[in-house]
Amino acid sequence: MRLIPNQSPHKEPVNMETKSLKDVFDKVFTEIHQVRESVTPTLTPKEVGRILTVSTGIANVSGLPTVGFDELIKFPGDLFGIAFNVDEKEIGTVLLGEYSHLHAGDQVERTRRVMDVAVGEELLGRVIDPLGRPLDNKGPIVSSKRLPIERPSPAIMDRAPVTVPLQTGVKVIDALIPIGRGQRELILGDRQTGKTAIAIDTILNQRNFNVLCVYCAIGQRASAVARAVANLRERGAMDYTIVVVTEGNDPSGLIYITPYAATSIAEYFMESGRDVLIVYDDLTNHARAYRELSLLLRRPPGREAYPGDIFYIHSRLLERSTHLLKEFGGGSLTALPIIETEAQNISAYIPTNLISITDGQIYLSPSLFELGVLPAVDVGKSVSRVGGKAQLAAYREVAGDLKLAYSQFEELETFTRFGAKLDENTRRLIEHGRRIRALLKQPHNSPVPVPDQIVILVALNAKLFDNVPLDKMVEAENSLRKALPDIPEDVRERFKGDKELSDKDRETILNIARKALEPYQPKPESESKPEAKTEENAESETQTEDKSESEAKTEEKVAKSETQTKGKPETETKTEEKPEFGTRTEEK
Ligand SMILES: Nc1ncnc2c1ncn2[C@@H]1O[C@H](COP(=O)(O)OP(=O)(O)OP(=O)(O)O)[C@@H](O)[C@H]1O
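Just so you know, these numbers come straight off a predicted model, no measurement behind them.

1. What about the nonpolar core?
Part 1 of the argument: In terms of nonpolar packing, the biggest core is built from 136 residues, with Ile-203, Ile-265, Tyr-280, Phe-465 and Leu-480 touching the most fellow members.
Part 2 of the argument: If you tally residues by element for this core, the top one is helix α5 (residues 252-271), at 11 residues.
Part 3 of the argument: For Ile-203, the residues in contact, after removing those within four places along its chain, are Cys-213, Tyr-215, Leu-232, Ala-237, Tyr-240, Thr-241, Leu-277 and Val-279.
Part 4 of the argument: In this structure, Ile-51, Ala-83, Ile-91 and Leu-102 belong to the second largest nonpolar core, which totals 13 residues.

Here you go:
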């Protein structure tokens with residue numbers, strides 16, 4: 001083994017200048033002094049307090065006398081809370097996350113800011129919680145823009161009337177309970193009646209309408225949210241959708257802020273001139289979370305143990321949906337809040353509050369659901385207060401007659417259950433009503449495009465389906481939809497306009513419809529008794545010979561209901577006709 005001497009490549013000349021230790025220290029101290037002189041220290045006061053008590057989702061804090069209402073308070077372990085009850089000595093805070101590590105006596109800090117959330121294009125296609133944290137394993141969300149979750153609603157003078165329809169793709173809604181962009185339409189019904197299905201179908205249908213969507217799941221079952229997200233993803237709807245989620249087991253504080261955070265995310269797009277749809281699924285869970293927080297904060301309970309400001313928390317949320325004037329970008333935010341009723345009680349506290357805040361409601365009836373009439377929309381109890389003005393002209397033309405015919409049918413249908421003999425006119429009304437109901441049925445996840453809907457409705461109104469056997473209705477409808485390309489392009493273009501269809505256009509459509517439906521019409525020999533093919537012939541066959549007393553009464557009722565409905569707004573008609581059910585049953 002050979003030892004190699006350690007050679008240095010550069011030999012520095014030795015600095016021969018000798019410095020005393022004092023000189024070195026003097027130089028260093030002068031430099032330190034200069035640096036210290038250049039910095040002007042400022043005092044930043046930090047208000048700190050202490051936790052007094054921690055209970056389910058709530059912490060009471062002392063030592064923060066100047067904290068503001070709704071201000072964020074920082075707790076140990078990166079946990080934040082919102083100051084809800086502000087008192088000179090004690091602050092009641094709502095905790096926004098896991099709080100099991102908190103102890104009485106822990107230090108808390110003021111942040112001097114309110115709760116805000118990340119907003120922007122980066123959020124599209126993402127599933128997040130109301131604090132903006134991703135839940136979809138797609139990495140962190142990088143967005144430079146943030147908006148407070150609680151924002152004032154647009155001023156009255158900044159709002160434009162609702163003029164553009166929001167097509168849901170659900171025939172019964174687009175035809176009879178139309179929704180406009182910027183409208184708030186409540187969806188309510190008992191559990192498992194298809195409320196979420198309607199909202200999801202509406203989101204799916206926005207693919208071709210350039211409407212961005214925010215699906216806000218509030219305190220939902222994780223499995224239901226996973227199903228909804230998978231459904232949206234499978235059908236390509238996540239490209240234009242943001243999902244904001246809190247699960248049922250999340251802290252009530254987090255559930256409470258969910259719809260406000262989701263609305264700020266949606267408002268960002270509305271303010272940049274886009275059309276946005278937001279679904280709140282559902283506000284019953286939101287109201288319950290707020291009730292829980294209020295009771296724990298010892299606020300006095302009111303009706304159904306809800307606090308006194310429960311109406312205000314929902315109206316301040318829904319007032320943020322609107323259609324802005326052109327000067328403010330012309331964007332719109334359409335809200336579809338969902339509410340669950342108990343035992344069909346739509347006059348419970350929360351449903352009535354929301355009915356009065358919104359611009360109409362879609363009521364889903366469990367009885368219709370059980371009968372297989374899906375979507376189970378009860379047309380009689382549903383109403384759209386502003387959407388009618390925004391409806392496409394081609395729909396408007398048929399919607400009035402359709403609604404009248406359908407409401408008459410609903411009344412007469414109850415009547416026929418008693419086995420009454422019916423005159424020809426009543427029988428026809430019932431047959432027509434049954435065809436309307438059959439055509440308004442629609443499976444989940446299959447929104448129907450506007451041209452298809454218009455052609456179906458025009459043919460239905462012209463009674464082209466009336467002789468089609470009920471069990472062949474789906475086939476007949478599909479055959480009609482297949483014939484759609486036969487309609488000239490210019491006529492189809494006019495479907496989208498705000499002018500009604502001309503007689504010529506209608507005739508063109510009807511000719512094509514007649515041809516498409518021909519195979520489903522009864523054969524010539526059976527034409528004399530078309531009712532033999534339909535389901536209710538037992539009730540309606542022999543009625544022309546001798547008019548019994550009950551027949552006379554039926555006619556009288558039909559005539560009466562006709563006179564009542566004519567010249568009245570469509571929505572009023574339904575509610576006024578309702579009491580007649582009772583009368584009729586008594587007569588029977
Ligand atoms: N038009 C439809 N055709 C067929 N099935 C439907 C239709 N609409 C809803 N359903 C079915 O009804 C069931 C309940 O629907 P959905 O979950 O939307 O109801 P919900 O009222 O939102 O329920 P929840 O009360 O749990 O929130 C689902 O299984 C759904 O697939």
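Having put the structure on the table, let's press on.
2. Observations concerning the site of the ligand
Part 1 of the argument: Lining the immediate environment of the ligand, one finds 15 residues, of which Gln-192, Lys-195, Thr-196, Ala-197 and Gln-442 sit closest.
Part 2 of the argument: In the model, an oxygen atom of the ligand is placed 3.4 Å from a nitrogen or oxygen of the Arg-221 side chain.
Part 3 of the argument: Interatomic distance of 3.3 Å between a backbone N/O atom of His-444 and a nitrogen atom of the ligand.
Part 4 of the argument: For the ligand, the accessible surface in isolation is 630 Å², of which the surrounding protein chains cover 76%.
Part 5 of the argument: The greatest single-element share of the shell around the ligand, amounting to 3 residues, is contributed by helix α3 (residues 195-205).
Part 6 of the argument: Of the residues belonging to the shell around the ligand, the class tally is 5 nonpolar, 6 polar and 4 charged.

3. What about the sheet that holds strand β15 (residues 360-364)?
Part 1 of the argument: Ordered in space as β8-β12-β11-β13-β14-β10-β15-β16, the 8 strands form an open sheet in which the pairing is mixed. If you trace the sheet from one side to the other, it starts and ends with β8 (127-128) and β16 (383-384), each paired once.
Part 2 of the argument: In terms of strand pairing, strand β11 (residues 211-220) meets strand β12 (residues 241-247) through 6 bridges, oriented parallel. Its bridge partner lying in β12, Cys-216 is registered against Val-244.
Part 3 of the argument: Its contacts with the sheet place α3 against β10 (186-189), β11, β12, β13 (275-281), β14 (332-340) and β15, and it is angled at close to 160° to β14.

4. Looking at the environment of Leu-188
Part 1 of the argument: Within the secondary structure, Leu-188 sits in strand β10.
Part 2 of the argument: Remark: the alpha-carbon pair of Leu-188 and Pro-351, spanning 163 residues in sequence, is separated by 7.7 Å.
Part 3 of the argument: When sequence neighbours within four positions are dropped, the list of residues in contact with Leu-188 reads Lys-195, Ile-339, Thr-341, Ile-346, Pro-351, Ile-355, Gln-361, Ile-362, Tyr-363 and Leu-364.

5. Considerations on the sheet that holds strand β4 (residues 79-86)
Part 1 of the argument: Pairing is antiparallel in the closed barrel, where 6 strands are placed in the order β1-β2-β5-β4-β3-β6. The mean angle between the axes of side-by-side strands here comes to 45°, regardless of whether they run parallel or antiparallel.
Part 2 of the argument: Summarising the sheet, strand β3 (residues 71-75) and strand β6 (residues 107-114) pair through 3 bridges and their orientation is antiparallel. Across the sheet, residue Lys-74 finds its bridge partner in β6, namely Glu-109.

6. Some words on a nonpolar patch on the surface
Part 1 of the argument: Together, Leu-21, Val-24, Phe-25, Val-28, Phe-29 and Ile-32 make up a nonpolar patch on the protein surface, roughly 590 Å² of accessible area in all.
Part 2 of the argument: In this fold, Val-24 is placed in helix α1 (residues 21-38).
Part 3 of the argument: The partly exposed category is assigned to Val-24, whose relative accessible area is 39%.

7. Description of the packing of aromatic side chains
Part 1 of the argument: By the definition in use, this model includes 8 aromatic pairs.
Part 2 of the argument: Aromatic side chains Tyr-306 and Tyr-349 sit 6.1 Å apart centroid to centroid with 50° between the ring planes, which places their arrangement in the tilted category. On the criterion of sequence distance, the pair formed by Tyr-306 in the loop between α6 (283-296) and α7 (310-318) and Tyr-349 in helix α8 (residues 349-357) is long-range, its members being 43 residues apart. Each member of the pair, Tyr-306 as well as Tyr-349, is classed as buried.
Part 3 of the argument: Centroid distance Tyr-406 to Phe-409: 5.9 Å. Interplanar angle 35°. Geometry classified as tilted. Remark: Phe-409 and Tyr-406 occur in helix α11 (residues 393-416); sequence separation between them is 3 residues, near one turn of the helix.
Part 4 of the argument: Residue Phe-409 is classed as buried on the basis of its relative accessible area, which comes to 0%.
Part 5 of the argument: Here the basic side chain of Arg-113 rests over the ring of Phe-80, its NZ or CZ set 5.8 Å away from the ring centre.

8. Some points on the UniProt feature "domain: ATPase F1/V1/A1 complex alpha/beta subunit nucleotide-binding" (unreviewed entry) in the protein
Part 1 of the argument: When the UniProt feature table is mapped onto this chain, "domain: ATPase F1/V1/A1 complex alpha/beta subunit nucleotide-binding" (unreviewed entry) is found at residues 169-384.
Part 2 of the argument: Between the end C-alpha atoms of residues 169-384 the distance is 16 Å, and the span holds 41% helix and 20% strand.

9. Regarding the domain arrangement of the protein
Part 1 of the argument: Along its sequence, the protein is carved into domain 1 (46-112), domain 2 (114-390) and domain 3 (392-520).
Part 2 of the argument: If you average the C-alpha positions of domain 2 and of domain 3, the two centres end up 31 Å apart.
Part 3 of the argument: Summing both partners gives a buried area of about 2100 Å² for domain 2 against domain 3, and 56% of it is carried by carbon and sulfur.
Part 4 of the argument: Per-residue buried area on domain 2 facing domain 3 is highest for Lys-171, Ala-175 and Leu-176; these three make up 30% of the total on that side.
Part 5 of the argument: Put simply, domain 2 and domain 3 have 1 salt bridge between them.
Part 6 of the argument: Between domain 2 and domain 3 we count 13 residue pairs in polar contact (both at pLDDT 80 or more) in total.

10. Focus: the side chain of Glu-413
Part 1 of the argument: Topologically, Glu-413 is positioned in helix α11.
Part 2 of the argument: Look at Glu-413 and you get buried, because its relative accessible area is 12%.
Part 3 of the argument: Among the polar contacts listed, one links the side chain of Glu-413 to the side chain of Arg-437, at a separation of 2.8 Å.

11. With respect to the confidence of the model for the protein
Part 1 of the argument: For the protein, mean pLDDT is 83; residues scoring 70 or higher make up 85% of the total.
Part 2 of the argument: In the predicted structure, residues 1-9 sits below a pLDDT of 50 and forms 0 contacts with residues beyond four places in sequence or in another chain.
Part 3 of the argument: Counting contacts from residues 527-588, a segment whose pLDDT is below 50, to residues more than four positions away or on other chains yields 81 contacts.

12. Some remarks on the environment of Pro-251
Part 1 of the argument: By the element assignment, Pro-251 lies in the loop between β12 and α5.
Part 2 of the argument: Among the residues examined, Pro-251 registers a relative accessible area of 17% and is labelled buried.
Part 3 of the argument: Residues Pro-251 and Tyr-363 lie 112 residues apart in sequence; the distance between their C-alpha atoms is 30 Å.
Part 4 of the argument: Not counting the four nearest positions on each side in its chain, Pro-251 is found in contact with Leu-95, Gly-97 and Glu-98.

Conventions we followed
Residues numbered from 1 in each chain as written. Predicted model: local features only at pLDDT ≥ 70, side-chain atom pairs only at ≥ 80, totals over all residues. Heavy atoms only, no water. Core = buried A, V, L, I, M, F, W, Y, C linked by side-chain atoms within 4.5 Å. Buried < 20%, exposed > 50% of the residue type's maximum accessible area, 1.4 Å probe, protein only. Helix = DSSP H or I, 4+ residues; strand = E, 2+ residues; numbered from the N terminus. Contact = heavy atoms within 4.5 Å. Near = heavy atom within 4 Å. Polar contact = N/O pair within 3.5 Å; in protein donor to acceptor, adjacent residues only side chain to side chain. Areas by Shrake-Rupley, 256 points an atom, 1.4 Å probe, with all protein chains shown as cover. Nonpolar A, V, L, I, M, F, W, Y, C, P; charged D, E, K, R; others polar. Pairing = 2+ DSSP bridges. Axes fitted to C-alpha atoms, helices over the stretch in contact; angles between N-to-C directions. Patch = residues over 30% accessible without salt bridge, like charges linked within 9 Å, V, L, I, M, F, W, Y side chains within 5 Å. Salt bridge = Lys/Arg side-chain N within 4 Å of Asp/Glu carboxyl O. Phe/Tyr/Trp six-rings, centres within 6.5 Å; stacked < 30°, edge-to-face > 60°. Lys NZ or Arg CZ within 6 Å of the ring centre and 35° of its normal. UniProt positions renumbered as here; feature names shortened; annotations may be inferred. Domains from an automatic or database assignment. Buried area = accessible area lost by both parts, 1.4 Å probe. pLDDT = per-residue confidence, 0-100.

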